[in-house]
Amino acid sequence: MTEVAAAPSDSRSVSLRHRPRVYSLPAGQPFLDRLAEGIWRDAGGDTIALARATVLLPNRRACRNLRDAFLRLTNGAPLLLPRLQPIGDIDDDEFVLTADEGGFDLPPAITPLERQLLLASLIMKRPDTGGDPAVATKLAEALANLLDSAQIEDVSLDRLDELVPAELAHHWQVTVDFLKIVREAWPKILAERGQMDPVARRVQLIRALAQRWAVQPPADLVYAAGSTGSIPATAELLGVVARLPTGKLVLPGLDLTLDEAAWDAIAGEPSHSQHGLWALLGSLGIKRSEIRAWHSAEVGQTTPRAAMLSSALRPAVTTDAWLDQPAPPDAAFAGLRRIEAATPQDEAGAIALVMRETLEQPGHTAALVTADRNLARRVVAELARWNIAVDDSAGTPLAHTPPGVFFRLVAQVIAERAAPAPLLALLKHPYAAGTYERAHFLRLARYLERRILRGPRLAGGFCSLVKAVTESRHADDLRVFVERLAAAAAPFEALIESNAAHAIDLLSEHVKLAEWLATRAGEPTDLWRGDAGEALANFVGEFRLSTGHLEKIDPRRWPALVDTLLAGRVVRPRYGSHPRLAIWGLLEARLQHADVIILGGLNEGTWPPEPEEDPWLSRPMRAQLGLSPPERRIGLTAHDFAQLAASPNVVLTRAAKIEGAPSVPSRWLLRLDAMLANDPRWKATRIVDYADWHRRLDLPVKIAPIEPPRPRPPVAARPRKLSVTQVETWVRDPYAIFARHILRLRPLEPVDADPGALERGLVIHQALDAFIRKFPKDLPPDALQHLLRCGEEAFRPLIDRPSVRAFWWPRFQRIAKWFIEEEFSRRADGIQPLGTELRGALTFMAAGGPFELRCIADRIDATADGSLIIIDYKTGQPPSDRQVNSGLSPQLPLEAAIALAGGFPGIIARGIAELAFVRLSGGMPPGEYRYVSPSQDGVRVPPEALAAAAREGLLKRIAQFDLERTPYLSRPRPQWLSRPGDYDHLARVKEWSQPAGDEA
């Protein structure tokens, strides 16, 4: 490897022979258009001289847009462009000078992913990290960021030991010991591999180019434009360009209006918008007075808006100057608008309307600039309402793109053993086809959801899914589908469930399963198509080449590892989808121009962002080491704001609340508010039209309240069989009977539902039923143990759930103890069970035909004199005596009516002694017999009278609904219903039950 030649000691370098030639284009000017005009003038209109020129710009987008500026300059005529070279800034890595282009001999750069995995392998070997690959890769990313920061700012980490004296807290000592990875182990690894850190290589390339030009100045024109020199190496290169005989440095938005006191105060305020330029001028050794206007005094003049922003953003220690400064001219407010929306969604809608309005003006362009990617996505969605497609040029996280989401879901489904929620998310993903036709695959997935996956979760794994399908009555339709899924997932599933596996094996099986699932019948896989698919393929390729650095890992950590490695990867569109509208991030917006500039998300914590705290070093340690404070990046974003807000037509937007919590306006808005508090022109810039228009877009012209539904189906379609519990529903909410028995609609259970009151009641009923069937007469001395064994059997399918084991089972144990005590007492009194879960029926003759009443009685006992006690178990709250007596809760009286008519097979019709609810809560008390004992005029109503009244009420209801004019009303008496019904949404209850005049 050859060394970069240094300047001869006997010859003065260019930097000592020439005063720097530095120019400035003020904020508010179309930077690249003016730059193109000036370069064209310097070339004297000579296309050959122009083609030999070199222009250094901050990023690739600026290079592309300068190319477009030259085309606008020549009205589209063919032109040989200068060499356009991005040199990058502190926020990006875009110096792309290669060895062949530059003639520099430097080792190749290690890829970021390989570096992260190599550092992670070193971290995992430490005993204090737990060996978790996901945690190790996160720590590796933080270490890599520390390395990059030190290399960007030319800081050596060798002095870390000096920063942490022995008496400092123990955790700092641990941190310094941990950082030996990057101080000692990492340089050795790079030397052995013959590679360099990407940032270190970039810095050396920039310095090598600066040294070459300092010794051998190019004969052709050289320009460095738009950079603030935030990287020391870049600042050196800019200094060399400024001193070249043919070089010029063009600064973006240098503030020439600030007084000297304020300019000097910038030194102590890294968050100031001019701090970067202040430091650059200091490194160049020139004063602001030496800065020239770019090519013409008219172009170099500061606009009134830029001057107003300069004053508002002046250093904090000099803001007393606001008291004496004159009011800004009217021109400073011309074209300036502010929107303060209620929510981010309203903000996005208002921005979309501003952009849509711009399209009404021929040839005009608009751009949203924001650091809030969620806001950008909302604006994209809002513009889609008018079929306007706009890309977010700041990019979309790869993990959030369709291929990235699909790839992550594959790992999640296997790691979570085919849990219903991630499995359905995967099967319904647009890429999922599993070699079927997509429409057929989706039908099968939906069928699987309805029939198998809704309700409490099955035992884990695809095998349990296959078993559940096989044992169901829908096996013929779904068995082949589920078996194919299980067979494809089996190799990856086996690896995930093993104790340890190599990362390369996990990645291979992960990719195989993802490709198979994303393959449609007769077509290649869609997984790797498009910009996002290519980015995912590149990630997989890099990961495959680097997996050898990881030893065997815990396969259960695989999804977390993939998520960690995907984090930070961004997919940027190659070309904008709309020629006149754009959405830019702060980096992409630098040096850009549009007719309407919208600065969105101007809230503290978003723009500017919160300063990133160093996980390794405290602020004093960073300062002692020579690293810049975190506020330095705020200064860069402040410069972006000042540049863009000075544009002729600007809209400033923010949301007053974020996720329901009040937000704080950006510090720059607060500065403007403070400086212009009494200026009516500033208050007049705030507009509400766009936010109001957005709210009105989806509002109807008139809100006409609807009437409650009154369906009147033919008598022949009305149900002729109902259970006693359904009769109670018929009384309280007839519409539910209409929806269930006439429309034949069944409520769907939630996906992956936690077992609720229904499941708790079923298992308790099952346990008590099994016990009573086992001991219908005499109880054994160890009856409690027998009941607990019955409970264990009933709870078996659910006992693995933490909530069941922690809450339900202890409650059942208390219920069991109480129940056995009660059973001994009742049987000692001569009460004997006649049966449990007894089916009964009673048929009534009515005008519309026979009507059958059915029931399943939880339990029927016989007293010593032979009369019956009808019992219903309740794990919830039983109905009150008043509800039973009024007919609102006719379950037990109707069961008594069936018993009196001999409707229970095997039980002779006889008198009814009691109707009883047994409340089984497991609390204090664990259980309680609650006998139905309503009174009327102070006299107890006997059970047989309740049964007769319930029978008579049912006959009247049957006769009433045998008339076709009788409608099935929804919630005719809302006070009768204690909770929302399963069909309230179908009846649109919330729409017609609103108070009069309430538009909500």
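Below, the structure is looked at part by part. Nothing here was measured: the structure is a model prediction, and the numbers come from that model.

## Quick word on the overall build of the chain
Looking only at helices and strands, the chain features 42 helices and 23 strands. Taken over C-alpha atoms, the radius of gyration comes to 39 Å for the chain, far larger than the 30 Å a tight globule of 1000 residues would show. Its C-alpha atoms give the chain principal-axis dimensions of about 125 × 65 × 65 Å. Across the 1000 residues in the chain, those meeting the buried criterion constitute 52%. Within the chain, residue pairs in contact and separated by at least 24 positions form 77% of the contacts whose partners lie at least 6 positions apart. In the form shown here, the chain has an accessible surface area of approximately 46300 Å², with 53% of it arising from carbon and sulfur atoms. Averaging the coordinates of the 120 positive side-chain charges in the chain and doing the same for the 123 negative ones gives two points 4 Å apart.

## Digging into the sheet that holds strand E1 (residues 22-25)
Reading across from one edge, E3-E2-E4-E5-E1-E6 is the order of the 6 strands in this open sheet, with parallel pairing throughout. Two strands bound the open sheet, and with one partner strand each, they are strand E3 (83-86) and strand E6 (292-293). Relative to strand E5 (residues 247-252), strand E4 (residues 222-225) is paired through 4 bridges, and the arrangement is parallel. Each residue of the ladder has a partner; that of Val 222, found in E5, is Gly 247. Its contacts with the sheet put helix H4 (residues 60-73) on strand E2 (54-57) and E3, and the angle it makes with E3 is roughly 155°.

## What about the sheet that holds strand E8 (residues 366-370)?
Taking strand neighbours across the sheet as the criterion, the 5 strands line up as E7-E13-E12-E8-E11 in an open arrangement whose pairing is parallel. Whereas interior strands pair on both sides, the edge strands pair on one side only; in this sheet they are strand E7 (336-341) and strand E11 (581-584). Adjacent strand axes in the sheet meet at a mean angle of 15° when their direction is disregarded. Relative to strand E12 (residues 596-600), E8 is paired through 5 bridges, and the arrangement is parallel. Within E12, the residue paired with Val 369 across the bridge is Leu 599.

## A look at helix H21 (residues 438-453)
For H21, the set of buried residues is Arg 438, Phe 441, Leu 442, Leu 444, Ala 445, Tyr 447, Leu 448, Glu 449, Ile 452 and Leu 453. Downstream of H21 by a residue or two, Gly 455 has a phi angle that is positive, lying close to 100°.

## Observations concerning empty space enclosed by the protein
Tallying each qualifying case throughout the model produces 7 cavities of 30 Å³ or more. Volume-wise, the largest cavity comes out at about 290 Å³. It is helix H29 (residues 631-645) that contributes the most residues to the lining of the largest cavity, 5 residues altogether. Here the lining of the largest cavity is composed, by residue class, of 12 nonpolar, 9 polar and 3 charged. Approximately 200 Å³ is the volume attributed to the second largest cavity. Along the lines of polarity and charge, the residues of the lining of the second largest cavity split into 10 nonpolar, 9 polar and 1 charged.

## Structural notes on a nonpolar patch on the surface
A surface patch of nonpolar side chains, amounting to about 220 Å² of accessible area, comprises Leu 743, Leu 745 and Leu 986. Assignment of secondary structure puts Leu 743 in the loop between helix H34 (734-742) and helix H35 (757-774).

About the criteria used
- Residues numbered from 1 in each chain as written.
- Predicted model: local features only at pLDDT ≥ 70, side-chain atom pairs only at ≥ 80, totals over all residues.
- Heavy atoms only, no water.
- Helix = DSSP H or I, 4+ residues; strand = E, 2+ residues; numbered from the N terminus.
- Rg over C-alpha atoms; globule rule 2.2 N^0.38 Å.
- Buried < 20%, exposed > 50% of the residue type's maximum accessible area, 1.4 Å probe, protein only.
- Contact = heavy atoms within 4.5 Å.
- Areas by Shrake-Rupley, 256 points an atom, 1.4 Å probe, with all protein chains shown as cover.
- Lys, Arg positive; Asp, Glu negative; His and termini not counted.
- Charge placed at Lys NZ, Arg CZ, Asp CG, Glu CD.
- Pairing = 2+ DSSP bridges.
- Axes fitted to C-alpha atoms, helices over the stretch in contact; angles between N-to-C directions.
- 1 Å grid on protein atoms, 1.4 Å probe; cavity = no way out; pocket = protein on both sides within 12 Å on 5 of 7 lines; lining within 4 Å.
- Points joined across faces, edges and corners; volume = space filled by probe spheres on them.
- Nonpolar A, V, L, I, M, F, W, Y, C, P; charged D, E, K, R; others polar.
- Patch = residues over 30% accessible without salt bridge, like charges linked within 9 Å, V, L, I, M, F, W, Y side chains within 5 Å.
- Salt bridge = Lys/Arg side-chain N within 4 Å of Asp/Glu carboxyl O.

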